Amino acid sequence: MSNLLKTAAVTTLIALSSTLAAATDAAPKLPAVAVSEELVIDRREIAVLDSTMSYLEEGEGDVVVFLHGNPSSAYLWRNVIPYVSSSHRVIAPDLIGMGQSGKPDIAYTFADHARYLEAFVAELNLPEITLVSHDWGAALAWDFARRNPDKVVRLAYMEGVLPPAFPQESYEAMGEEMGGMFRALRDPEKGREMVMEGNMFVENILPMMANRPLGEAAMETYRAPYSTVDSRLPTWMWPREVPINGMPASNVQLMQDIQTFMGDTDMPVLLAYAEPGVLVPPQAVPFYTDLIGNLETAFVGQGLHFIQEDQPDAIGRAIADWLRRN
């Protein structure tokens, strides 16, 4: 990495750190807690379109599909799944190009992920399903439910890339630090150096946005899918898919369509949120309670963005109880 681009990468990380400073001051890193980093759930693989998708599966009964975001994988849900699999069949795929799924020669846009997700559900011949989702997985879940209202009977989400956080009207509207970070991430040279060369989402953003020190087992699992520069393309495409300043136009429309669907649907919905959170802080909860008719909320405790690494037991209990009652 050139000295100029190293400086840009450091500047971007400082900006991100500053943006999260208030959150991390309010929620200092917790001491090591009893969060297992071992994966003991069976992993399977299925051919999907021109590639393969890997997934975790456990339990029997009505189907619950867990969807992750960037730069994680189904591994993120390892400690949440057992609370649900005791009474349901749980399936947690690695999104295409991520985790242990295949890495076909595609752009890894939102539309690509949606296409592979739809094919994955079709290949497994899944009946009516409940979706549980996080980050970009939440946008995928809401979009899938909007397009398949007869198949999705319930939806749970947390820390989603969703309205009201997005779309953003401009980089300036995001503030100097966060707007500057996204400008850099979307720059063809700076973004490539930071994310493709530096593996920034795995090495820096992921541990920064968990509220406990991630152990080596977790970090090695998150690193494993991205051992080469080219393998990191999905993690770089996701920030370029965030709708800012009208672009990508398709994802501006996506967020508008999701918000409209949120207001129209009568399916049971669960929002799990943490304090201080990142994309869905407690202050954002009224937006959803005012918009979504059949919504329950569950406060799961202290956490930043990757709250499954901070509060898996509280999340698991909240989902299991919601499923029991709905």
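Our subject is the structure listed above.
In this report, we go over the structure that sits alongside the text. The shown structure was predicted, so the numbers you read here are calculated from the model rather than taken from an experiment.

1. Examining the pairing of strand β1 (residues 43-48)
Each regular strand shows side chains that alternate between the opposite faces of the sheet.
No. 1: Pairing geometry for β1 and strand β2 (residues 51-58), over 6 bridges, is antiparallel. Note on β2: the bridge partner recorded for Val48 is Ser51.
No. 2: Counting the residues in the hairpin turn of β1 and β2 gives 2 residues, including Leu49, whose phi is positive at 50°.

2. Section: unusual backbone geometry
No. 1: With omega at 5°, the peptide bond leading from Phe166 into Pro167 counts as cis.
No. 2: Of note, Pro167 is situated in the loop between β6 (152-160) and α6 (176-186).
No. 3: The residue after Glu275, namely Pro276, is reached through a cis peptide bond having omega 10°.
No. 4: As for its placement among the helices and strands, Pro276 is situated in strand β7 (residues 269-276).
No. 5: Residues other than glycine seldom take positive phi values, yet Leu49 does so here, at roughly 50°.
No. 6: Relative to the helices and strands, Leu49 resides in the loop between β1 and β2.
No. 7: In this structure, Asn199 is a non-glycine residue whose phi angle is positive, near 55°.
No. 8: With respect to the helices, strands and loops of the structure, Asn199 is situated in the loop between α7 (188-197) and α8 (200-208).

3. Side note on the packing of α6 against α7
No. 1: Where α6 meets α7, the closest approach of the two axes is 5 Å, and the angle between their N-to-C directions is 90°. Judged on the interaxial angle alone, α7 and α6 are roughly perpendicular. In contact with Ala184, Leu185 and Arg186 of α6, α7 contributes Pro188, Lys190, Gly191, Met194 and Val195.
No. 2: When grouped by side-chain class, the residues that make up the contact of α6 with α7 number 5 nonpolar, 1 polar and 2 charged.

4. Considerations on the pairing of strand β8 (residues 295-303)
No. 1: Pairing of β7 with β8, which is carried by 7 bridges, proceeds in the parallel orientation. When the bridges of β8 are listed, Leu271 appears paired with Thr297.

5. Some remarks on the sheet that holds β6
No. 1: Spatial ordering of the open sheet is given by β1-β2-β4-β3-β5-β6-β7-β8, a layout of 8 strands whose pairing is mixed. Taken across any chain shown, the strands that pair with only one partner, and hence form the sheet edges, are β1 and β8. Pairs of neighbouring strands in the sheet enclose a mean axial angle of 20°, with direction left out of account.
No. 2: As defined by bridge partners, strand β5 (residues 129-135) adjoins β6 across 7 bridges and the pair is classed as parallel. Bridge assignment links Leu131 to a residue of β6, and that residue is Leu155.
No. 3: Strands β1, β2, β3 (63-67) and β4 (89-93) of the sheet are contacted by helix α4 (residues 110-123), whose axis makes an angle of about 110° with β1.
No. 4: Each of β3, β5, β6 and β7 touches helix α5 (residues 136-147); the most contacted strand, β5, lies at about 145° to it.

6. Focus: the pattern of salt bridges
Where side chains of opposite charge bring their charged atoms close, a pairing between them can arise.
No. 1: Evaluated as defined, the whole model comprises 17 salt bridges.
No. 2: The salt bridge partner of Arg44 is Glu57, with a shortest N-O separation of 3.2 Å. Of this pair, Arg44 sits in strand β1 while Glu57 sits in strand β2, placing them 13 residues apart in sequence.
No. 3: Assessed through its relative accessible area of 39%, Arg44 is described here as partly exposed.
No. 4: Residue class for Glu57 comes out buried when judged on its relative accessible area of 10%.
No. 5: Here Arg146 makes a salt bridge to Asp143, at a shortest N to O gap of 2.9 Å.

Conventions used here
Residues numbered from 1 in each chain as written. Predicted model: local features only at pLDDT ≥ 70, side-chain atom pairs only at ≥ 80, totals over all residues. Heavy atoms only, no water. Pairing = 2+ DSSP bridges. Helix = DSSP H or I, 4+ residues; strand = E, 2+ residues; numbered from the N terminus. Axes fitted to C-alpha atoms, helices over the stretch in contact; angles between N-to-C directions. Parallel < 35°, antiparallel > 145°, perpendicular 65-115°, else oblique. Contact = heavy atoms within 4.5 Å. Nonpolar A, V, L, I, M, F, W, Y, C, P; charged D, E, K, R; others polar. Salt bridge = Lys/Arg side-chain N within 4 Å of Asp/Glu carboxyl O. Buried < 20%, exposed > 50% of the residue type's maximum accessible area, 1.4 Å probe, protein only.

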